Amino acid sequence: MNDTTSIFIGAGPGGANPQALELKRANRHGLIAGATGTGKTVTVQGIIEGFSRNGVPCFVADVKGDLSGLAMAGSPTAKNHDIFAARAKEIGDDAWAYADTPVQFWDLYGEQGHPIRTTITEMGPLLLSRLMDLNEVQEGVLTIAFHVADKDGLLLLDLDDLQAMLVSCGERADELTTTYGNVSKQSIGTIQRALLQLRSQGGEHFFGEPALDLDDFIGVDDKGRGIVNVLAADKLMASPKLYSTFLLWLMSELFEHLPEVGDPDKPKLCFFFDEAHLLFDAAPKALLEKIEQVVRLIRSKGVGIYFITQNPIDIPDTVAGQLGNRVQHALRAFTPRDQAAVKSAATTFRANPGVDVETAITELKVGEALVSLLLPDGSPSPVQRTLIAPPASRVGPVTPVERGVMIQTDPVGTKYDTAIDRQSAEEILAGKAQEASAAAAEAKAKTEADKAAAAQAKADAVAAREAERQRVAAQREADRQARLAAQQEAAAAKAAANSPWNRAITSATRSASSAVGRQVANEVSKAVFGSSRGAGAGIIGGLVRGVLGGPEPHHPVTEELPPGPLDGGGRVRAGVLLRTESLEGLGPA
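Residues numbered from 1 in each chain as written. Predicted model: local features only at pLDDT ≥ 70, side-chain atom pairs only at ≥ 80, totals over all residues. Heavy atoms only, no water.

(A) Summary view of the packing of aromatic side chains. Summed over all chains, the structure comprises 17 aromatic pairs. Measuring from ring centre to ring centre gives 4.9 Å for Phe206 and Phe207, while their planes differ by 55 degrees; the resulting arrangement is tilted. With a relative accessible area of 0%, Phe206 lands in the buried category. Ring geometry for Phe272 against Tyr306: centres 5.2 Å apart, planes inclined by 20 degrees, an arrangement best described as stacked. Here Phe272 is found in strand 8 (residues 269–273), whereas its partner Tyr306 is found in strand 9 (residues 303–309), with 34 residues between them in sequence. Looking at Phe272, the relative accessible area reads 0%, which means it is buried. Tyr306 sits in the buried class, given a relative accessible area of 2%. The positively charged end of Lys301 is found above the aromatic ring belonging to Phe255, 4.5 Å away from the centroid. One Lys or Arg, Arg403, reaches over the ring of Phe105 and ends 4.6 Å from the middle of that ring. (Phe/Tyr/Trp six-rings, centres within 6.5 Å; stacked < 30°, edge-to-face > 60°. Buried < 20%, exposed > 50% of the residue type's maximum accessible area, 1.4 Å probe, protein only. Helix = DSSP H or I, 4+ residues; strand = E, 2+ residues; numbered from the N terminus. Lys NZ or Arg CZ within 6 Å of the ring centre and 35° of its normal.)

Structural data, given as structure tokens:
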């Protein structure tokens, strides 16, 4: 009962009121809601099969692992075969038959599919703040870190890059505070702790390269069937914020990546968001506005978004108002909140006089739903109680061996299997830190060397002064010793001169020299004057004795001289024959 313009959803007993999702209106988004165990997963599986048959690629988060069965055809030996065969007959779906669907498996952790990675820069501060549960102040600091990284040309690819960037911002806190506003180290510390928690949740596997190429999501196989991208989310669900933030990022990337196409005949991609309430739980206003904007505008990019959740009131009114195609499975009105959900769901459908929506919601069987879809003219169809058509693929997970074979043989190949760690913020900042450290070490070494040189120069100056002082002291001591030696020599000489022996020798020498002198003087006088007596002879004698050092004649000054040729008659003269007094005797006789 499928054609090229719509997807058969189901019908009433006997094929009454068949419900089909118009491909031209499939980008108007949709909601599939219902309590656990009411058949939501089988409904989603059937809708995805219909999109794929019509050449529309899909992305679905496989929370429980059941949707991996899309890759394998159902089997007549399966335990639910009889139920499905009976349902197909009941609704008059004569074309129903088992068939597989082309599937590509993905996994953020790279365990059950190709790794999905993105960079920190592509994620952006808003989504990261939600992912790390930051408040407005901390989000502001994170935004500053992104801005500084962009300004400095630093690539933020993985968590290591972001951590290094935050450390750099902390070191430059004073500078950045002046330029961008308060950047407190306490806020940076809180963000660092949040990063540590994100790592413990496996977030480091999500951030890095090679980043996901969205074109790998949008493709068809060789039969023209749209490829279904199944994200293994069973492990990811242990980190709800990582799961919801990733899917929101993916929607945002699709919005930014795809061109405007208006209203195409069929969507370019359909996006199924299971456990959609996680997207909106505790979401700040800015994030809700972002979600609303993406849901409202991504339609023009040819993308249809289908939210899957247990309770329709989990979806904010601003988003729920954008969901034109609705499939509501049973709700259990056991609590006041459940009862409010039933009333809310009843008011969202276009009224049908033949259906009491509020009553029917609590009475629906497994595999039965209230359905209202957009008609070709864009108006919602009146709500109908509908038996959901059975899927053609396997209901239940594939085996690990089957999954492995499909991963190895799908069109993606090994493109994302090996992580790439190219130079980015962490390496560049580490290099700058190393250069700064080396420069600081060099400056410190130079300072230490200068200090050592100055200390050595000071020590050398002190040593030189000490050496000079010692030299001067030694010279003084030598001079003193010399003076002392001279004094001692003089004293010794004086003492020797005053000794009896020296006096005797001196006296003998003088006596000898005196006698010799007198003798020589007399001889000279005789030779000159012919006599040793007289005034002339006296003068000559005195002179000779003065030269030879002889003593005066041993007679008193008043000694009467014998008459001589110069006394003129034998006068008695006081002719003291000393050197000076003898000269005074020169004159007339």
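(B) Main features of the state of the cysteines. A full pass over the atoms with the stated rule returns 0 disulfides. The thiol of Cys270 is unpaired, and the distance to the nearest cysteine sulfur, on Cys58, comes to 5.2 Å. (Disulfide = S-S within 2.5 Å.)

(C) Layout of the sheet that holds strand 1 (residues 6–11). Across the sheet, which stays open at both edges, the 12 strands sit in the order 2-1-12-11-10-3-9-8-4-7-5-6 with mixed pairing between neighbours. Because the sheet does not close on itself, it has two edges, and the strands there are strand 2 (19–22) and strand 6 (114–115). Bridging between strand 10 (residues 325–328) and strand 11 (residues 368–372) involves 3 bridges; their strand directions are antiparallel. Within strand 11, the position partnered with Val327 by the bridge is Val371. (Pairing = 2+ DSSP bridges.)

(D) Looking closely at the pattern of salt bridges. Summed over all chains, the structure comprises 24 salt bridges. For Asp216, the salt bridge identified is with Lys415, shortest N-O distance 2.9 Å. Highlighted residues: Asp216 in the loop between helix 8 (203–206) and strand 7 (228–232) and Lys415 in the loop between helix 15 (400–409) and helix 16 (425–497), separated in sequence by 199 residues. Two residues, Glu477 and Arg480, come together in a salt bridge whose shortest N-O distance is 2.7 Å. Separated by 3 residues within a single helix, Glu477 and Arg480 lie in helix 16, roughly one turn from each other. Among the ionic contacts, a cluster of salt bridges with common partners joins Arg28, Asp263 and Arg299. (Salt bridge = Lys/Arg side-chain N within 4 Å of Asp/Glu carboxyl O.)

(E) Structural context of the packing of helix 4 (residues 136–151) against helix 7 (residues 185–200). Contact geometry for helix 4 and helix 7: axes closest at 9 Å, N-to-C directions at 90 degrees. By the angle between their directions, the pair helix 4 and helix 7 is classed as roughly perpendicular. Two secondary-structure elements touch here, helix 4 through Val137, Gln138, Val141 and Leu142 and helix 7 through Ser187, Ile188, Thr190 and Ile191. Residues that form the contact of helix 4 with helix 7 fall into these classes: 5 nonpolar, 3 polar and no charged. (Axes fitted to C-alpha atoms, helices over the stretch in contact; angles between N-to-C directions. Parallel < 35°, antiparallel > 145°, perpendicular 65-115°, else oblique. Contact = heavy atoms within 4.5 Å. Nonpolar A, V, L, I, M, F, W, Y, C, P; charged D, E, K, R; others polar.)

(F) Structural view of the nonpolar core. Counting 82 residues, the largest nonpolar core has Leu128, Leu231, Tyr243, Phe246 and Phe307 as its most contacted members. In this view, Leu128 contacts Ile120, Met123, Leu142, Phe146, Leu162 and Phe207; residues no more than four positions away in its chain are not counted. One finds Ile32, Val103, Val371 and Ile407 within the second-largest nonpolar core, a separate group that totals 32 residues. (Core = buried A, V, L, I, M, F, W, Y, C linked by side-chain atoms within 4.5 Å.)

(G) Quick look at helix 11 (residues 285–297). The first and last C-alpha atoms of helix 11 sit 18 Å apart over 13 residues, in line with the 18 Å expected at 1.5 Å per residue. Burial in helix 11 covers these residues: Leu287, Ile291, Val294 and Val295. In an axial view of helix 11, the angular spread of the buried residues amounts to 95 degrees, which keeps them on one side of the axis. (Expected span 1.5 Å × (residues − 1). Arc of directions from axis to C-beta.)

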